[in-house]
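Notes for the structure review
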Amino acid sequence: MLLLLGRTVPLSFAQSHYLLASNQNIGTMPERRPFVRLPTDVYPVNYGLSLKPDLIDFTFEGKLEALVEVTQATNQIVMNCADIDIITASFVPQGGEEINATGFNYQNEDEKVTLSFPSALQKGFGTLKIDFVGELNDKMKGFYRSKYTSPTGEIRYAAVTQFEATDARRAFPCWDEPAIKATFDITLIVPKDRVALSNMNVIDRKPHPDDENLVEVKFATTPIMSTYLVAFVIGEYDYVESQSSDGVMVRVYTPVGKAEQGKFALEVATKTLPFYNDYFSVPYPLPKIDLIAIADFAAGAMENWGLVTYRETALLIDPKNSCSSSRQWVALVVGHELAHQWFGNLVTMEWWTHLWLNEGFASWIEYLCVDHCFPEYDIWTQFVSADYTRALDLDALDSSHPIEVNVGHPSEVDEIFDAISYSKGASVIRMLHNYIGDEDFRKGMNAYLLKFQHKNASTEDLWDCLEQASGKPIAAVMGSWTKQMGFPIIAVDQEQVSDDRILKISQKKFCASGPHNEENCPSWMVPISICTSEDPKCTKLKVLLDRQETTITLNSVGPDQWIKINPGTVGFYRIQYSSSMLESLLPGIRDLSLQPVDRLGLQNDLFSLLHKQADMQEEKNRIERVLGAISAPDLIQKVLNFALSVSAPSCGI
């Protein structure tokens with residue numbers, strides 16, 4: 001799911017970000033509520049689900065026939081259920097007599113219901129039957145109504161879903177935890193003039209026997225999947241379609257009359273699916289994928305398997321009026337959600353504690369995908385200016401938190417859908433990819449997806465697969481980045497000895513509030529890359545800084561050559577060069593041999609290092625020398641004066 005937190009997006013998105021993130025505070029989390037996960041004595045195998053929404057009264061009727069396995073004899077079944085009224089419930093053991101439930105005990109605060117039976121349900125398989133009713137709510141979660149205007153100006157409503165993280169239980173009683181996977185057979189009873197969509201392709205459509213204005217639409221059986229990835233949409237839509245080079249049917253559904261605005265997203269999707277097929281070496285497992293623009297949608301997009309839902313502004317492009325940044329944004333969002341079809345849907349996190357990996361990975365690989373499909377966008381420079389620098393700024397605050405946060409009660413999930421999950425998560429995955437190398441990274445990803453496909457996994461499972469593929473200490477390295485907040489500042493000095501360059505490198509926690517003076521100073525296992533002016537785009541040496549300080553020798557680096565730490569601005573840390581090293585970089589800035597992304601990273605680090613007032617003039621001089629190598633001196637001076645005026649009191653190391 002994409003929440004637009006701190007993303008560089010068109011103005012309409014930037015405005016909506018503040019509404020979406022108003023409750024997404026990076027800071028101390030509220031007191032945790034006690035929580036117990038669902039018992040495992042009854043387990044779903046297949047959900048047979050029929051839903052009949054009423055688009056006039058905003059209610060729906062549902063019938064559930066779930067094939068379940070009783071693993072331990074019990075006289076009750078505990079499920080998730082919220083804002084739903086159960087009418088009847090019964091259990092039919094295989095080859096046995098139907099047993100009617102004698103009571104429904106709702107635990108509203110925990111969003112659970114306990115179905116009680118007069119006798120014990122014995123071990124084995126059986127069918128759980130539940131008739132229920134619910135409301136098409138206006139909360140933009142669960143099964144809800146979405147208002148739109150028809151081409152004739154009439155106000156109408158669609159019925160749509162948003163289940164992540166824990167709102168499938170508002171559409172049907174279920175085991176609404178990501179690790180409790182099952183298959184789904186979904187039937188929708190809808191007005192015959194409406195489009196009905198779900199995760200899978202339609203296999204039957206026939207008139208409803210009791211109402212000639214309704215049709216029954218039956219969909220193919222899904223793969224084994226988590227409840228939060230189930231989706232259905234009923235409304236009025238046009239679509240454009242194409243087929244990817246690997247044979248997957250792709251459709252983009254748009255409001256009526258706006259099919260033309262879906263063509264760019266269709267182009268992106270048909271390029272993206274083959275890219276991921278090739279990158280993961282695992283084929284997309286469904287016969288189709290639909291991308292649909294929803295009028296009322298709280299998030300940016302949601303990766304429901306085979307039916308990805310979007311805000312209209314995250315999917316539609318007006319070919320005559322949309323700007324380049326809008327196209328790039330749509331490409332990134334499509335790339336993000338389609339990445340989840342493998343990483344998140346095929347292999348799913350065991351619990352919400354590992355959400356950061358789900359979102360951080362997709363937030364990184366969306367850029368890799370767009371860079372492959374649209375190299376003219378220079379998208380990695382935009383990653384640095386959007387995600388990377390935002391993550392550094394937020395993670396330097398005392399109110400930050402580790403990437404990986406232990407989640408108990410599902411109500412805590414909303415607390416970790418923030419820029420640390422997305423932007424810092426993406427940044428450290430990018431650093432990890434660079435540290436491992438693309439070939440070994442892809443091998444590890446393939447092994448991970450094959451080992452855990454249709455199952456659940458934890459963060460450590462991915463580290464194990466990448467460690468086996470690369471032979472590097474991935475778990476130890478990444479643990480230092482995910483389990484503690486913050487990041488280091490890398491101080492670098494140099495000495496020329498004959499034809500060799502000796503670098504002295506040390507690390508210390510970077511804090512926006514001032515020097516970190518605690519006795520137990522945290523440290524990180526820091527992948528360090530180094531390039532020289534001989535080839536600024538090629539890494540000359542890679543080392544792992546696994547202690548507070550170290551000395552590195554670069555052979556055959558003459559005194560006239562400059563050295564740059566962190567080429568490509570990939571490592572998640574700030575750099576403080578000695579004055580001599582900074583001076584030596586100026587020619588690379590003047591002649592533009594230093595890449596744009598490196599010039600951006602250098603400038604960003606310098607501004608962040610404006611600290612103690614006593615050092616202000618020295619820092620000002622250092623920055624002026626760097627910026628003086630760039631054209632438009634008047635503009636640079638204005639930027640410098642502004643940065644000095646707003647940054648000096650609050651920044652430090």
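In the nomenclature of an unreviewed UniProt entry, the protein chain is known as Puromycin-sensitive aminopeptidase of Oreochromis niloticus. Check the Subcellular location (unreviewed entry) section of the UniProt entry for the protein chain; it says "Cytoplasm".

The next point concerns the overall build of the protein chain. When you go through the protein chain residue by residue, the secondary structure sums to 14 helices and 29 strands. Burial statistics for the protein chain: of 653 residues in total, 58% are counted as buried. Taking all contacts inside the protein chain whose residues are at least 6 apart in sequence as the whole, residues at least 24 apart take part in 70%.

Chain-level statistics for the protein chain give a pLDDT mean of 87 and a share of 87% at 70 or above. Per-element mean pLDDT across the protein chain ranges from 32 in helix α1 (residues 11-20) up to 98 in strand β11 (residues 183-191). For the stretch residues 6-29, pLDDT sits under 50, and the model shows 45 contacts to residues farther than four places along the chain or on other chains. In the predicted structure, residues 635-653 sits below a pLDDT of 50 and forms 40 contacts with residues beyond four places in sequence or in another chain.

Look at helix α5 (residues 379-395): 23 Å from first C-alpha to last across 17 residues, which is about the 24 Å you get at 1.5 Å a residue. Remark: the principal bend of α5, roughly 30°, maps to Y388. In terms of residue burial, α5 counts as a mostly covered element, since 13 of its 17 residues are buried.

What follows is about the pattern of salt bridges. The final tally for this structure, using the stated rule, is 28 salt bridges. Measuring nitrogen to oxygen at the nearest pair gives 2.9 Å for the salt bridge that ties R156 to E154. Between D598 and K564 there is a salt bridge; the shortest N-O distance is 3.7 Å. Taken together, the residues span a long stretch of sequence, with D598 in helix α12 (residues 596-608) and K564 in strand β28 (residues 563-565) at a distance of 34 residues. Take K564: its relative accessible area is 4%, and that puts it in the buried class. Overlapping salt bridges, with partners in common, bring together D83, E111, K139, D167, R169, R170 and D176 in one network.

So, on to unusual backbone geometry. Here the residue pair E164 and A165 is connected by a cis peptide bond, since its omega of 10° sits within 30 degrees of zero. Following the sequence through the fold, A165 ends up in the loop between β10 (155-162) and β11. Non-glycine residue S281 carries a positive phi angle of around 55°. Its location among the elements puts S281 in the loop between α2 (263-280) and β18 (288-294). Non-glycine residue D378 carries a positive phi angle of around 50°.

Residues annotated in UniProt with the feature "binding site: Zn(2+)" (unreviewed entry) correspond here to H336, H340 and E359. These residues run over 24 residues, yet every pair of their C-alpha atoms falls within 8.7 Å of each other. If you trace the backbone, E359 turns up in helix α4 (residues 355-373). Those residues within four positions of E359 in sequence are excluded, and the remaining contacts are M1, E164, E303, H336, H340, F417, S421 and Y422. Among the polar contacts listed, one links the side chain of E359 to the side chain of H336, at a separation of 3.1 Å.

Of all the nine residues making up β11, nine are buried; the element is thus mostly covered by neighbouring parts of the structure. Where strand β1 (residues 42-54) lies against β11, six bridges are found, and the strand directions are parallel. Across the sheet, L51 pairs through a bridge with L188, a residue of β11. When β11 meets strand β14 (residues 211-219), the two strands line up antiparallel, connected through five bridges. Note on β14: the bridge partner recorded for I189 is E216.

This paragraph deals with the side chain of T272. Along the polypeptide, T272 turns up in helix α2. Relative accessible area serves as the criterion here: at 1%, T272 is assigned to the buried category. Discounting chain neighbours no more than four positions away, the residues touching T272 are G335, L338, C369 and C373.

In this model, helix α3 (residues 324-340) (17 residues) spans 25 Å end to end at C-alpha, consistent with the 24 Å of a helix rising 1.5 Å per residue. Burial analysis of α3 places 14 of its 17 residues in the buried class, which makes it a mostly covered element.

Attention now moves to the packing of aromatic side chains. What the rule picks out here adds up to 36 aromatic pairs. Where Y239 meets Y253, the ring centres are 5.2 Å apart and the plane angle is 45°; that geometry is what we call tilted. Taken together, the positions of Y239 in strand β16 (residues 238-243) and Y253 in strand β17 (residues 249-254) put the pair 14 residues apart, joining distant regions of the chain. In this structure an aromatic cluster arises from ring pairing among F275, Y276, Y279, F280, Y284, W342, F343, F361, W364, F441, Y448 and F452. One Lys or Arg, R37, reaches over the ring of W351 and ends 4.1 Å from the middle of that ring. If you follow K472 out to its NZ or CZ, it ends over the ring of Y435, 4.6 Å from the centre.

What follows is about the sheet that holds β28. Read across the sheet, three strands follow the order β26-β25-β28 without closing on themselves; strand pairing throughout is antiparallel. The strands lining the two open edges of the sheet, one partner per strand, are β26 (541-545) and β28. Sheet twist, expressed as the average angle between the axes of neighbouring strands with direction ignored, equals 25°. Sheet topology places strand β25 (residues 526-532) next to β26; five bridges connect them, and they run antiparallel. Bridge pairing links I530 to L541 in β26.

About the criteria used
Just so you know, the residues in each chain are numbered from 1, in the order the chain's sequence is written. For this predicted model, a pLDDT threshold of at least 70 governs which residues receive local features, and a threshold of 80 or more governs which side-chain atom pairs are given and counted, while totals over whole chains, interfaces and linings are taken from all residues. Hydrogens and water molecules were not included; the side-chain quantities draw on all heavy atoms of the structure. UniProt positions are given in the numbering used here, feature names are shortened, and annotations may be inferred rather than shown by experiment. A helix here means a DSSP run of H or I that spans at least four residues, while a strand means a run of E at least two residues long, and both kinds are numbered starting from the N terminus. Classification of residues uses two cut-offs on accessible area relative to the type maximum, computed with a 1.4 Å probe and protein chains only: under 20% is buried, over 50% is exposed, and between them is partly exposed. The contact criterion used throughout is that any non-hydrogen atoms of two residues lie within 4.5 Å. You can read pLDDT as the predictor saying how much it trusts each residue, on a scale of 0 to 100. By definition here, a helix of n residues has an expected span of 1.5 Å times n minus one. Bend, at a single residue, is the angle you get between axes fitted to the 7 residues ending at that residue and the 7 residues starting at it. Take a side-chain nitrogen of Lys or Arg and a carboxyl oxygen of Asp or Glu: if they are within 4 Å of each other, that pair is a salt bridge. Here a polar contact is recorded for every N or O atom pair within 3.5 Å, except that within protein the pair must consist of a potential hydrogen donor and a potential acceptor, and residues adjacent in sequence are included only if both atoms are side-chain atoms. Paired strands are those between which DSSP finds at least two bridges. We call Phe, Tyr and Trp rings a pair once their centres come within 6.5 Å, taking the six-membered ring for Trp, and we label the pair stacked below 30 degrees between planes, edge-to-face above 60, and tilted otherwise. The criterion for a charge sitting over a ring is simple: Lys NZ or Arg CZ within 6 Å of the ring centre, and within 35 degrees of the ring normal. Simply put, an axis is a line fit to the C-alpha atoms, just over the touching stretch for a helix, and the angle between two N-to-C directions goes from 0 to 180 degrees.

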